[in-house]
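If you want the building blocks of each chain, they are given just below.
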Amino acid sequence: MPNLNYAAQYGRELANAYPYLSYYGDLWNAGESQRFKPLQGKTVYIPHMTTSGATAVDRDNLTGVFARNFDIAWEAKTLEMDREWSTLIDPMDIIETNEVATIANVTATFNEFQKIPEMDAFMASKLASFASAFGGVSTTSLDASNILGQWDNALVYMTNQRVNRDRVVAYMTPATYKLLKQATGMTRFIEVTNGIRDVDRNIARLDGVNVIEVPEDMMKTAYTFTEGWAVDTSNAQQINFLLVDPMAVAAPIKYETSMMSAPTAQSKGKYLYYERYYYGAFILNQRQAGVWAHLGSAPSAGTL
């Protein structure tokens, strides 16, 4: 039986899993990530256009000359993460585990507990680097008295940079989210209906911005990716919260190979599964203000 490469189909199926398994699924599946795909190899070319401004009309004379008043430039972005994974599966394992050790179950487990968390860790570190490179960063220690002020400062920054607030998504650690619920000056509305006292303290949106909680270990500035992913304990800072415009980020994924081989003499009678894929995350040059980060130590128990 020949090897069957089903990379394209596998890629489509896995993309459906991102919103359910990934904290940053909105970014991996964002429109910009779908628009900009590597055509060959792992380099993406992203165009951006500029034009000249308008001028006053002279009703009495023909002045100047007609010319091309726009220009196009290209950003070349290379997918950083060139990854592979493989496994052997003995047919007897499939039988003796009552078909628990099937390739479908093995790859699903790899996706849920290795691949997608690794990609999210990579995304968090890249978002922090984007914010740091453009200057959208605060390192002020957070407490209940200043967290709303820090939030407001971030929104002021992004609005002044012409970032559309309606698109912005906030990612924050549970400790920061807890602090936000206890913030000084936070206005709360409690509605009691049908005689049932149901108090919901969730903050799904704040000032029109969607809020998503992300575990602390998926909100670090540095990771190692030797095998899987791990926090770079020597260099990583805590990201307390991020504000991101998905239209500012392109995060393409390319599946080069995803194939299964039937048992052969070379594999000693075992099934062989192998996949190789590229991914990356880029800030668009014209939209660098679309990421803002609060970095530093996580809020301590005493400030919560």
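Conventions we followed
Residues numbered from 1 in each chain as written. Predicted model: local features only at pLDDT ≥ 70, side-chain atom pairs only at ≥ 80, totals over all residues. Heavy atoms only, no water. pLDDT = per-residue confidence, 0-100. Helix = DSSP H or I, 4+ residues; strand = E, 2+ residues; numbered from the N terminus. Expected span 1.5 Å × (residues − 1). Buried < 20%, exposed > 50% of the residue type's maximum accessible area, 1.4 Å probe, protein only. Pairing = 2+ DSSP bridges. Core = buried A, V, L, I, M, F, W, Y, C linked by side-chain atoms within 4.5 Å. Contact = heavy atoms within 4.5 Å.

Novice: How should the confidence of the model for the chain be read in this particular structure?
Specialist: Per-residue confidence for the chain gives a mean pLDDT of 84, with 85% of residues at or over 70. Within the chain, no element has a lower average pLDDT than strand S1 (residues 4-5), which sits at 54, and none a higher one than strand S9 (residues 223-224), at 97.

Novice: What should I look at first to understand helix H6 (residues 147-160) in this one?
Specialist: Residues separated by three or four positions in an α-helix point in the same direction, a consequence of the helix having 3.6 residues per turn. Over its 14 residues, H6 extends 20 Å from the first C-alpha to the last, a length consistent with the 20 Å expected when each residue adds 1.5 Å. Here H6 has its buried residues at Ile-147, Leu-148, Gln-150, Trp-151, Ala-154, Leu-155, Tyr-157 and Met-158. Where H6 ends, the next residue or the one after it, Arg-162, has phi of about 65 degrees, a positive value.

Novice: Sorry, what's going on with the pairing of strand S8 (residues 209-213) here?
Specialist: On any regular strand, side chains alternate: one points to one face of the sheet, the next to the other face. For strand S6 (residues 169-172) and S8, the ladder comprises 4 bridges, and the chain directions are parallel. Paired with Met-172 across the bridge in S8 is Glu-213. Two strands pair when backbone bridges link them, and strand S7 (residues 205-206) and S8 are joined in this way by 2 bridges, in the antiparallel orientation. Of the residues in S8, the one forming a bridge with Arg-205 is Asn-210. From the end of S7 to the start of S8, which pair antiparallel, there are 2 residues, and Asp-207 there has a positive phi angle of about 55 degrees.

Novice: What am I meant to see in the sheet that holds strand S5 (residues 137-138) here?
Specialist: Picture the strands of a sheet paired through backbone hydrogen bonds; they go either parallel or antiparallel. Across the sheet, which stays open at both edges, the 6 strands sit in the order S5-S16-S11-S6-S8-S7 with mixed pairing between neighbours. Single-partner strands in this sheet number two, and they are S5 and S7. Bridge count for S6 against strand S11 (residues 239-244) is 4 bridges, and the pairing is antiparallel. Paired with Ala-170 across the bridge in S11 is Leu-243.

Novice: What exactly am I supposed to notice about the nonpolar core here?
Specialist: Burial of nonpolar side chains together is a common tendency in soluble globular proteins. Ranked by internal contacts, the top residues of the largest apolar core, which has 36 residues, are Tyr-24, Trp-28, Leu-127, Tyr-171 and Leu-242. Taken together, the elements giving at least two residues each to this core come down to helix H2 (25-28), helix H5 (103-134), S6, S11, strand S13 (253-261), strand S14 (271-279) and strand S16 (291-295). When residues in this core are grouped by element, the largest group, 10 residues, is from H5. Those residues within four positions of Tyr-171 in sequence are excluded, and the remaining contacts are Tyr-23, Tyr-24, Asp-26, Leu-27, Ile-212, Val-214, Met-219, Asn-240, Phe-241, Leu-242 and Val-244.

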